[in-house]
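Each chain is listed here by its residues.
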Amino acid sequence: MNNQAPLLEIRNLRTWYPVRRGVLARTEDYIRAVDGVDLIIMPGETLGIVGESGCGKSTLARTILRLERPRSGEILLDGQDVLHHKGAALQAYRRAVQVVFQDPLASLNPRHTILDQLTEGMLAHGMIAPAAQRSAAQRLLQDVGLGAESLERYPHAFSGGQRQRICIARALALEPRLLICDEAVSALDLSVRAQILNLLAELRTRHQLSYLFITHDLGVVQHLADRIAVMYLGRIVELGPAMTVLDQPAHPYTRLLLASVPQIGRKLEGAGGGSAMKVVPPALDAGPKSHVSAPQATPGCPFAARCPLVMARCLQAAPQVATVRGGEAKHQVACFCA
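Note that the structure is predicted; figures quoted are calculated from it, not measured. (Residues numbered from 1 in each chain as written. Predicted model: local features only at pLDDT ≥ 70, side-chain atom pairs only at ≥ 80, totals over all residues. Heavy atoms only, no water.)

Once that is clear, we can look at the pattern of salt bridges. Enumeration according to the criterion identifies 16 salt bridges in this entry. Between Glu175 and Arg95 there is a salt bridge; the shortest N-O distance is 3.5 Å. Placement of the pair is Glu175 in the loop between helix H6 (160–172) and strand S7 (178–182) and Arg95 in helix H2 (residues 87–96), with a sequence separation of 80 residues. Residue classification places Glu175 among the exposed positions, given a relative accessible area of 56%. For Asp143, the salt bridge goes to Arg206, with nearest N and O atoms at 2.4 Å. With Asp143 in helix H5 (residues 133–143) and Arg206 in helix H7 (residues 190–207), this residue pair connects regions lying 63 residues apart in the sequence. The class for Asp143 is buried, based on a relative accessible area of 15%. (Salt bridge = Lys/Arg side-chain N within 4 Å of Asp/Glu carboxyl O. Helix = DSSP H or I, 4+ residues; strand = E, 2+ residues; numbered from the N terminus. Buried < 20%, exposed > 50% of the residue type's maximum accessible area, 1.4 Å probe, protein only.)

As structure tokens, then:
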């Protein structure tokens, strides 16, 4: 994998939302949902993105899909910046990068049959003729473990796990190279969640897919991801091989996430002592502030207000992502204490 060129490369990506106030609705500030993200996804790799709700994970996914317009940065597929794609080039990019959303019922049209929904994209891209709809849809359903009897039914007739299988089949219909899974299993029961994770692992091998797997559940991502990126207030604060990040977390925020995973036999922290780390997440506009005409981030680490290891240096300058001292070269963290 190391000798290959990246499939997708994200460089200094920023997606900000204006905060407008007053009678004239002037932009007075920005919510920095994605603030200077750098990532690489290799062919055949699964990159997990973890973090609390509101940290910018879904905004990052929507920006990659070109559903949101970034303020600055680059998104390169095979070395080409897709933010400038139009017409046929944009259509080819949308075919190469597909998505599976969190709520399968909301993702499917309740008035269309499964047959129509599975083949709509294939017809739009000219991949099949109308006469081949049924056979193409049958192959897709078989690929995700469903039978041909489902073709004429509507979404309400299926369980949550079955609907998510249909959403995965619809995403695979365009033969993508990268599949973005945005909390794709968080709305499912535990037993069904395991089945979908196993299915995704099988499909990755069968179709030579790459995944960007977004979740807040570290217990889920460890079974699928090759690398894990930890996101906090729009920034990547830790990045490395999955088992390294989970077994040897270098950033205090990653440790907070791991400590929040329920485990049988572990005493709950709080009343009986335990960690002094503040567990209340900040507001979405609590990040570094900016001025409209000349954005200038306030100094300091964005995690300083919650960090039990905070030092004077942390309040004066924001740490840059660097290799962990004494650790693997691929294990990086943005923390002075690491």
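From this point, things continue past the structure.
The next thing to look at is the sheet that holds strand S12 (residues 332–333). Hydrogen bonds between backbone groups are what pair the strands of a sheet, and the pairing can be parallel or antiparallel. Read across the sheet, 8 strands follow the order S6-S7-S8-S3-S9-S10-S12-S11 without closing on themselves; strand pairing throughout is mixed. In this open sheet, the two edge strands, each paired with only one partner strand, are strand S6 (97–100) and strand S11 (322–323). Of the strands in this sheet, strand S3 (46–50), S7, strand S8 (210–215) and strand S9 (227–232) touch helix H1 (residues 57–64), which is tilted by about 150 degrees from S8. Where H6 meets the sheet, it contacts S6 and S7, and its direction lies at approximately 175 degrees from that of S6. (Pairing = 2+ DSSP bridges. Contact = heavy atoms within 4.5 Å. Axes fitted to C-alpha atoms, helices over the stretch in contact; angles between N-to-C directions.)

A word on the nonpolar core. Counting residues in hydrophobic clusters, the biggest one holds 60 residues, and the most contacted among them are Leu118, Ile168, Phe213 and Ile228. Looking at this core, the element that brings in the most residues is H6, giving 6 residues. For Leu118, the residues in contact, after removing those within four places along its chain, are Ala137, Leu140, Leu141, Leu151, Ile166, Ala169, Arg170 and Ala173. Listed in part, the 30 residues of the second largest apolar core include Ile10, Ile49, Ile64 and Leu178. (Core = buried A, V, L, I, M, F, W, Y, C linked by side-chain atoms within 4.5 Å.)

The next thing to look at is the sheet that holds strand S2 (residues 26–41). Taken in spatial order, the 4 strands make up an open sheet running S2-S1-S4-S5, and their pairing is antiparallel. Sheet topology places S2 and strand S5 (80–81) at the edges, where each strand pairs with a single neighbour. Here H1 sits on the sheet and contacts strand S1 (8–21), S2 and strand S4 (72–77); the angle it forms with S1, its principal contact strand, is near 115 degrees.

In this section: the packing of H6 against H7. The contact between H6 and H7 brings their axes to 10 Å, and the two run at 15 degrees. Considered as vectors, H6 and H7 are oriented roughly parallel to each other. Read as a crossing pair, H6 and H7 show a hand that is right-handed. Two secondary-structure elements touch here, H6 through Gly161, Arg165, Ile168 and Leu172 and H7 through Val192, Gln195, Ile196, Leu199, Leu200, Leu203 and His207. Partitioned by chemical class, the residues of the contact of H6 with H7 number 7 nonpolar, 3 polar and 1 charged. (Parallel < 35°, antiparallel > 145°, perpendicular 65-115°, else oblique. Left-handed = near helix turned anticlockwise from the far one by under 90°. Nonpolar A, V, L, I, M, F, W, Y, C, P; charged D, E, K, R; others polar.)

Regarding helix H4 (residues 114–124), the residues found buried are Ile114, Leu115, Gln117, Leu118, Thr119 and Met122. Here the buried face of H4 lies against H5 and H6. In the stretch just after H4, Gly126 is the one whose phi turns positive, near 70 degrees.

Extensive coverage of H1 is indicated by the burial of 6 of its 8 residues. Three or more residues of H1 are buried, namely Lys57, Thr59, Leu60, Ala61, Thr63 and Ile64. A positive backbone phi angle near 65 degrees is found at Arg66, which sits one or two residues after H1.

Summed over all chains, the structure comprises 0 disulfides. The cysteine Cys307 is free of any disulfide, with Cys337 supplying the nearest cysteine sulfur at 5.9 Å. We classify Cys307 as buried; its relative accessible area is 13%. (Disulfide = S-S within 2.5 Å.)

Tracing the chain through its elements places Glu202 in helix H7. Residues Glu202 and Val144 lie 58 residues apart in sequence; the distance between their C-alpha atoms is 9.6 Å.

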